[in-house]
Amino acid sequence: MSNAFYKVPTPQNETILNYAPGSAERAELKATLEKMTAETIEIPLIIGGREVKTGNLADCVMPHNHKKVVARYHQADASHVAQAIEAAAEAWKTWSEMPWQERAGVFLKAAELLAGPYRQVLNAATMMSQGKTCFQAEIDSACELIDFLRFNTAYMTEIYQDQPLYSPAPTWNRSEHRALEGFIFAITPFNFTAIAANLCASPAMMGNVVLWKPSDTAVYSGYHIMKLWHEAGLPDGVINFIPGPPQEIGAAALNHRDLAGVHFTGSTKTFQYLWKSIGDNIENYRSYPRLVGETGGKDFIFAHESSDVQALAVAMVRGAFEFSGQKCSAASRAYVPSTIWPEVKKRVGAMMAELTMGDVSDFSNFMGAVIDQRSFDKCSAYIAHAREAADAEIAFGGDTDGSTGFFVQPTVIETTNPHYKSMCEEIFGPILTVYPYDPAKLDETLELCDSTSPYALTGAIFGRDRGDLVKMADRLKHAAGNFYINDKPTGAVVGQQPFGGGRASGTNDKAGSRLNLLKWTSARSIKENFVPPHQHPYPHMLDS
Ligand code: NAD
């Protein structure tokens with residue numbers, strides 16, 4: 001194959017289909033859901049392209065109907081991690097040498113398969129196992145993932161084109177971007193199918209090989225992603241699928257000398273554990289593992305007195321409750337001037353009264369259930385705490401029902417205490433806490449917003465006057481890696497708002513950007529001298 005410097009197609013964001021009644025996509029998705037729901041599949045590990053059945057089975061269930069088992073999956077143990085590392089090492093020999101254009105071709109093909117025949121399969125899988133509505137699945141498992149694949153191939157070519165600026169005669173300076181030596185350990189969360197796929201795809205695109213441990217509650221969609229990679233022509237062993245108990249799998253991979261990097265999205269606690277384990281083991285690695293982690297958040301909406309109250313109320317409702325508040329970017333605390341809060345509250349309450357919750361295969365629902373029993377219990381505990389607290393009350397919602405699915409009603413807690421528990425801690429459910437503040441204390445309240453939680457993922461400010469907006473944006477400069485002005489803090493789009501946070505929210509390597517891909521390559525600087533010197537003395541050493 002030629003080594004010509006081909007250009008990849010100029011990426012554009014995938015158009016979001018709307019699933020309106022009568023649309024072709026709605027009919028296709030409904031039929032796919034029906035077919036997939038009727039089956040209970042068996043999911044093997046996939047190591048070096050081989051299906052491995054360990055016999056140690058666990059269930060994948062629907063969050064909104066937890067008695068419905070959609071799949072039974074085989075769980076890996078430490079011996080399978082060892083096999084996966086071996087298979088990856090074997091694949092590395094050819095994949096890391098594969099011309100980048102050919103690697104791009106695999107992922108561009110995957111994007112087209114996903115835009116076409118795989119779209120409704122992945123959407124249905126994401127609805128069934130992660131409890132997303134059709135629209136939330138469409139923007140995640142279809143559009144965001146397609147965007148990741150198309151944009152990242154373009155960013156990859158920018159990296160390879162990046163060469164030293166100067167080569168004084170008679171030399172030629174070059175940069176060679178090599179794959180990392182060893183394997184990348186991708187550890188992925190339940191809440192975005194696109195994130196899970198991208199945590200594997202972006203290192204693989206750069207010539208690396210991957211061990212993929214999906215979340216226990218997203219194994220089903222993960223398995224369908226593996227089928228997508230296979231159909232797109234990804235060679236066996238480049239991405240190895242090893243679901244199972246996190247601690248055992250984690251320890252086996254993290255202790256291996258060939259660990260070249262960790263690509264993680266999930267909670268802050270888990271990432272801090274991974275970082276510590278790697279630190280403790282640092283003498284034993286072949287190279288310093290690259291650590292990329294996008295972690296927890298306590299995302300805010302901060303309103304100025306001059307805010308458009310309707311726009312603010314819509315942002316609070318959409319920002320807090322879509323996908324049951326389980327987006328890492330979901331608004332979970334709001335600071336609203338006490339002067340406008342009564343009006344904002346009235347509008348938020350009216351909108352919340354219209355939010356429908358239930359089985360996501362009923363397309364009229366706005367939202368489904370939270371992911372699992374643990375999340376249901378956690379949300380219930382925060383609601384119970386607010387019911388008892390002297391400094392907080394439930395303004396709206398507050399019901400829970402775990403009998404059929406893990407349903408938590410969208411809930412607004414109102415507090416007089418800016419340090420109230422649910423103003424500070426990540427809940428990861430459909431619970432928004434509002435602190436009405438005295439508008440005469442804008443500066444102090446901005447300071448509170450900045451310092452209340454250890455996180456800095458997303459945040460939004462609302463207001464009209466440009467001077468006020470500038471002041472708020474400046475004061476909250478380090479409070480969020482993704483910052484919104486007069487818009488909800490969710491819904492980042494690849495190629496438009498690269499995503500990631502700072503402080504305890506992550507390493508801010510911005511998924512879906514060149515910054516992220518740079519982590520998965522190791523540059524070799526090459527100097528060639530066309531006319532090397534033939535004398536060893538330097539001029540200052542010569543006789544005068
Ligand atoms: P989690 O930390 O519970 O799990 C994430 C992954 O880590 C899972 O695959 C899990 O099995 C694995 N894991 C857990 N313990 C491990 C161990 N000891 N060794 C190896 N792997 C281990 O997170 P979750 O509940 O899946 O996702 C929700 C969290 O993710 C929230 O905190 C949310 O804010 C965060 N999140 C952040 C972003 C972002 O971009 N910042 C995006 C999505 C989710």
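Residues numbered from 1 in each chain as written. Predicted model: local features only at pLDDT ≥ 70, side-chain atom pairs only at ≥ 80, totals over all residues. Heavy atoms only, no water.

Participant: Is there a simple way to think about the overall build of the protein chain in this case?
Facilitator: Check the secondary structure of the protein chain and you find 16 helices and 23 strands. Taken over C-alpha atoms, the radius of gyration comes to 25 Å for the protein chain, in line with the 24 Å a tight globule of 544 residues would show. Principal-axis analysis of the C-alpha atoms places the extent of the protein chain at approximately 85 × 70 × 50 Å. The buried share among the 544 residues of the protein chain stands at 55%. Accessible area for the protein chain stands at about 22,800 Å²; split by element, carbon and sulfur atoms hold 52% of it. (Helix = DSSP H or I, 4+ residues; strand = E, 2+ residues; numbered from the N terminus. Rg over C-alpha atoms; globule rule 2.2 N^0.38 Å. Buried < 20%, exposed > 50% of the residue type's maximum accessible area, 1.4 Å probe, protein only. Areas by Shrake-Rupley, 256 points an atom, 1.4 Å probe, with all protein chains shown as cover.)

Participant: Is there a simple way to explain the nonpolar core in this structure?
Facilitator: Soluble globular proteins tend to pack their nonpolar side chains together in the buried interior. Counting residues in hydrophobic clusters, the biggest one holds 103 residues, and the most contacted among them are Phe107, Phe185, Leu211, Trp229, Ile239 and Val262. For this core, the element with the most residues is helix H5 (residues 134–161), which contributes 12 residues. Those residues in contact with Val262 that lie beyond four places of it in its chain are Phe185, Ile187, Leu254, Leu274, Ile278, Arg290, Leu291, Val292 and Trp520. (Core = buried A, V, L, I, M, F, W, Y, C linked by side-chain atoms within 4.5 Å. Contact = heavy atoms within 4.5 Å.)

Participant: Teacher, can you tell me more about the packing of helix H14 (residues 442–451) against helix H15 (residues 466–475) here?
Facilitator: The axes of two packed helices give the description: the angle between them and the distance between them. Contact geometry for H14 and H15: axes closest at 10 Å, N-to-C directions at 35 degrees. Where H14 crosses over H15, the two elements pack in a sense that is right-handed. Where H14 approaches H15, its residues Leu442, Asp443, Leu446, Glu447 and Asp450 are matched on the opposing element by Lys471, Met472 and Arg475. Broken down by class, the residue content of the contact of H14 with H15 amounts to three nonpolar, no polar and five charged. (Axes fitted to C-alpha atoms, helices over the stretch in contact; angles between N-to-C directions. Left-handed = near helix turned anticlockwise from the far one by under 90°. Nonpolar A, V, L, I, M, F, W, Y, C, P; charged D, E, K, R; others polar.)

Participant: Would you mind going over the site of the ligand with me for this structure?
Facilitator: Surrounding the ligand, one finds 29 residues, the nearest of these being Thr188, Ser267, Thr295, Cys328 and Glu426. Within the backbone of Gly266, one N or O atom sits 3.2 Å away from an oxygen atom of the ligand. Take Thr295: an N or O atom from its main chain is 2.8 Å from a nitrogen atom of the ligand. Calculation on the ligand without its partners gives an accessible area of 850 Å², and the protein chains cover 91% of this total. Looking at the shell around the ligand, the elements that each hand over two or more residues are helix H8 (246–254), strand S10 (259–265) and helix H9 (268–280). With three residues, H9 is the largest single contributor of residues to the shell around the ligand. Of the residues in the shell around the ligand, the class split is 13 nonpolar, 12 polar and four charged. If you count residues domain by domain, the shell around the ligand takes at least three from each of domain 1 (27–295 + 506–526) and domain 2 (299–485). (Near = heavy atom within 4 Å. Polar contact = N/O pair within 3.5 Å; in protein donor to acceptor, adjacent residues only side chain to side chain. Domains from an automatic or database assignment.)

Participant: Help me out: how do you make sense of the side chain of Ser324 in this one?
Facilitator: Relative to the helices and strands, Ser324 is located in the loop between helix H10 (309–321) and strand S13 (331–337). Given the relative accessible area of 1%, Ser324 is considered buried. In contact with Ser324, other than residues within four places in its own chain, are Met367, Gly368, Ala369, Val370, Gly429 and Pro430.

Participant: How do you make sense of the sheet that holds S13 when you look at a structure like this?
Facilitator: Through backbone hydrogen bonds, the strands of a sheet pair up, either in parallel or in antiparallel fashion. As summarised here, the arrangement of the seven strands in space is S14-S17-S18-S13-S12-S20-S21, forming an open sheet in which the pairing is mixed. Looking at which strands have only one partner, the edges of the open sheet turn out to be strand S14 (392–396) and strand S21 (482–485). Taking each pair of neighbouring strands and ignoring which way they run, the sheet shows an average axis angle of 20 degrees. Examined bridge by bridge, strand S20 (residues 458–462) and S21 share four bridges and lie parallel to one another. By the bridge assignment, Ala460 is partnered in S21 with Tyr484. (Pairing = 2+ DSSP bridges.)

Participant: Please explain unusual backbone geometry as it appears in this structure.
Facilitator: Negative phi characterises most residues that are not glycine, and trans characterises most peptide bonds. Note the cis peptide between Ala169 and Pro170, where omega equals 10 degrees. For Pro170, the location among the structural elements is in the loop between H5 and strand S6 (171–178). Even without being glycine, Ser324 reaches a positive phi, approximately 50 degrees. If you check the backbone angles, Phe428 has positive phi at about 65 degrees while not being a glycine. Following the sequence through the fold, Phe428 ends up in the loop between helix H13 (421–424) and strand S18 (431–437).

Participant: Is there a simple way to explain the packing of helix H2 (residues 78–95) against H8 in this structure?
Facilitator: Viewed as axis vectors pointing N to C, H2 and H8 meet at an angle of 40 degrees, and their least axial separation amounts to 9 Å. Classified by the angle their axes make, H2 and H8 are oblique. Seen from above, H2 lies across H8 with right-handed handedness. Contacts from Ala78, Val81 and Ile85 of H2 reach H8 at Glu248, Ile249, Ala252 and Ala253. (Parallel < 35°, antiparallel > 145°, perpendicular 65-115°, else oblique.)

Participant: Would you take a moment to explain the packing of aromatic side chains for this structure?
Facilitator: In this description, a pair of aromatic rings is defined by centroid distance and the angle of the planes. If you walk through the whole model with that rule in mind, you get 11 aromatic pairs. Between the aromatic rings of Phe151 and Tyr155, the centroid separation amounts to 6.3 Å while the plane-to-plane angle is 40 degrees, which identifies the pairing as tilted. Residue Phe151 and its partner Tyr155 are both found in helix H5; the two are separated by four residues, about one turn of the helix. Of the two residues examined, Phe151 and Tyr155, each falls in the buried class. Relative to Phe271, the ring of Phe264 has its centre 5.5 Å away and its plane inclined at 10 degrees; by these criteria the two rings are stacked. Accessibility classification places Phe264 together with Phe271 in one group, the buried group. An aromatic cluster of at least three residues, connected via ring pairs, comprises Phe302, Tyr335, Tyr435 and Tyr437. Sitting over the ring of Phe323, Lys132 keeps its end group 4.4 Å from the ring centre. A cation sits over an aromatic face here: Arg174 above Trp172, 4.0 Å from the ring centre. (Phe/Tyr/Trp six-rings, centres within 6.5 Å; stacked < 30°, edge-to-face > 60°. Lys NZ or Arg CZ within 6 Å of the ring centre and 35° of its normal.)

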